[in-house]
Amino acid sequence: MLVLGIETSCDETAAAIVRDGKEILSNVIYSQIKTHTPYGGVVPELASREHLVKIRAVVDQALTDAGVTLDEVDGIAATSGPGLIGSLLVGLTYAKALSFSKHKPLAAVNHIEGHIYSVSFEHPDVEFPALALVVSGGHTNLFLVESDSGDFRHLKYKLIGKTRDDAAGEAYDKVAKLLGLSYPGGPIIDRLAKTGNREAFQFSIPKISDRSLDFSFSGIKTAVLRLVKENEKVKEDPLRLDLCASFQESVVNMLWTTTLKAAQTVKPRGIMLSGGVAANSRLREVFRQRSAAAGLKFYYPKPVLTTDNAAMIAAAGTAKILRGETADIDVNADPNMRLAVSEQDVRNRRWKL
Ligand code: KG4
Ligand code: ZN
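Residues numbered from 1 in each chain as written. Chains lettered and ligands numbered in written order. Predicted model: local features only at pLDDT ≥ 70, side-chain atom pairs only at ≥ 80, totals over all residues. Heavy atoms only, no water.

1. Topic: the coordination of the zinc ion (ligand 2)
Convention followed: Donor atoms: N, O and S within 2.8 Å of the metal, or within 3.2 Å for Na, K and Ca. Because water is excluded, sites can look incomplete. Under the DSSP-based scheme used, a helix requires at least four consecutive residues in state H or I and a strand at least two consecutive residues in state E, with every element numbered from the N terminus. Think of it in three bands: residues with accessible area under 20% of the maximum for their type are buried, residues over 50% are exposed, and the middle band is partly exposed, with areas taken using a 1.4 Å probe on protein chains only.
Taken together, the protein donors to the zinc ion (ligand 2) comprise His111 (NE2), His115 (NE2) and Asp308 (OD), at separations of 2.0 to 2.1 Å. All donors of the zinc ion (ligand 2) come from a single chain, and their spacing in sequence reads H-x3-H-x192-D. Placement of both His111 and His115 in helix α4 (residues 111-117) is noted, with a separation of four residues, approximately one turn of the helix. Given a relative accessible area of 4%, His111 falls into the buried group. Classification of His115 by relative accessible area gives buried; the value is 0%.

In structure tokens form, the structure reads like this:
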């Protein structure tokens, strides 16, 4: 089964061809970073305009790279949310048009579910139930993932923790900006942190109730802002290197501490890490070491699949199409689409620990 995946939820125009939800035949990613860098972040209007210009060439390239024609494709999967509405509409509308004209089933895929499926390529054997930590520029979510089929064909999600303010990637990007670094800041801080002292600066851990599995990153961002105001020298090396290393250590520790607390509560067999921030070298290292020590399996995608791509959308879409969960031509993009609602939200009570 060949599925064409299309992803345009933020600032990457991406298309991929995936066979049986497993084998990536092509994975084309056009990044708009150059367009947005002068503004220090993604400008939604510019993003949708550029998707419009690139979408056709990117999809054609994915077909060419895979050596298949559109007629040979068995289904089309596109991200329908969450994300920037104008950007989402370009990819989803293009997918709808292809699906309608070629009589191919269409899957409308949740972007966050796509990130979770990015793990499935190298780890089709994930043991469920598993915790999925999705850390990106727009999201920081912790899900308990169960599987009716024992594999990636039929997953069920329960949201057990989320950020109360900034996403982890957003914190990286904002701190980078405070330090005079370019956009996106995550990969730059990751690189600079390698030569810095992780213990040079101490950040206090946000006070979230003991019984919650939520995250908070706005406090550490404000702490960095205060440091910059107090002493401009932190924007120069070597202090900047130390600040990057200390900030990163703090974020990684916050992510690990809450994930471990969740694991002790819901007793999964393993942890799946995904989303753009999952490319972070220190995060991967800490999770790998500590999950092994805690007797948990640890799964993460290779770097090219951590940041936004369409292969992960094709994989999630393949499972949907196989389950018969296809979308009609009138399916709409939903910028605030949820994958699962937390029990806290539903019952307005705390997760029991
Ligand atoms: O998943 P993604 O491509 O887009 C969203 O769905 O948001 O994630 C992008 C985010 C950005 O905030 C970027 O700074 C961050 O992922 N990121 C990193 C690294 N690579 C990308 N953060 C920390 N360390 C990295 N190596
Ligand atoms: Zn993403």
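2. With respect to the pattern of salt bridges
Stated precisely, the cut-off is as follows: Any carboxyl oxygen of Asp or Glu that lies within 4 Å of a side-chain nitrogen of Lys or Arg is treated as forming a salt bridge with it.
Going through the model one piece at a time under the given rule, you end up with 20 salt bridges. Here Asp151 ties to Arg153 by a salt bridge, and the two come within 3.0 Å at their closest N and O atoms. With relative accessibility at 47%, the residue Arg153 sits in the partly exposed group. Between Asp166 and Lys221 there is a salt bridge whose closest N-O contact spans 3.0 Å. With Asp166 in the loop between β8 (155-162) and α5 (168-178) and Lys221 in helix α7 (residues 218-230), this residue pair connects regions lying 55 residues apart in the sequence. Its relative accessible area of 7% is what places Asp166 among the buried residues. Each member of the salt-bridge network shares a partner with another, and the members are Asp166, Glu170, Lys174 and Lys221.

3. Side note on the sheet that holds strand β4 (residues 75-81)
Sheet strands pair via backbone hydrogen bonds, and the direction of the pair is either parallel or antiparallel. What counts here: The rule for pairing is simple: two strands pair if DSSP sees at least two bridges between them. Orientation is described by lines fitted to C-alpha atoms, with helices fitted over the stretch in contact, and by angles between N-to-C directions that extend from 0 to 180 degrees. Pairs of residues are marked as contacts when any of their non-hydrogen atoms sit within 4.5 Å.
In spatial order, the strands read β3-β2-β1-β4-β5; together these five strands make up an open sheet with mixed pairing. The open sheet has two edge strands with one neighbour each: β3 (23-31) and β5 (106-110). Put simply, the sheet's adjacent strands are angled 20° from each other on average, direction ignored. Sheet topology places strand β2 (residues 12-19) next to β3; eight bridges connect them, and they run antiparallel. Bridging across to β3, Ala15 finds its partner in Val28. Sheet strands in contact with helix α3 (residues 85-102) are β1 (2-7), β4 and β5, and its direction is about 155° off that of β4. Sheet contacts for helix α11 (residues 311-322): β1, β2, β3, β4 and β5; angle to β5, the most-contacted strand, approximately 120°.

4. Let's talk about the sheet that holds β8
One open sheet accounts for five strands, arranged β8-β7-β6-β9-β10; its pairing is mixed. Either end of the sheet is taken by a strand with one partner, and the two such strands are β8 and β10 (297-299). The sheet shows a mean angle of 25° between the axes of neighbouring strands, direction not considered. As defined by bridge partners, strand β7 (residues 140-147) adjoins β8 across seven bridges and the pair is classed as antiparallel. Its bridge partner lying in β8, Leu144 is registered against Lys158. Against the sheet, helix α8 (residues 239-266) engages β6 (130-135), β7, β8 and β9 (270-274), with an angle of about 155° to β6. This element, helix α9 (residues 281-293), spans β6, β9 and β10 of the sheet and lies at about 160° to β10.

5. Here's the deal with the packing of aromatic side chains
Filter applied, for reference: Any Phe, Tyr or Trp ring, taking Trp's six-membered ring, that has another such ring centre within 6.5 Å forms a pair; planes under 30 degrees apart are called stacked, those over 60 apart edge-to-face, and the others tilted. Remark: a charge is flagged as sitting over a ring if the NZ atom of Lys or the CZ atom of Arg is within 6 Å of the ring centre and within 35 degrees of the ring normal.
For the structure shown, the criterion picks out eight aromatic pairs. Between Phe128 and Phe152, the ring centres sit 5.4 Å apart and the planes meet at 80°, which makes this aromatic pair edge-to-face. With Phe128 in the loop between α4 and β6 and Phe152 in the loop between β7 and β8, the pair connects residues that are 24 residues apart, well separated along the chain. Taken together through their ring pairs, the aromatic side chains of Trp256, Phe287, Phe298 and Tyr300 make up a single cluster. Here the basic side chain of Lys54 rests over the ring of Tyr30, its NZ or CZ set 4.7 Å away from the ring centre.

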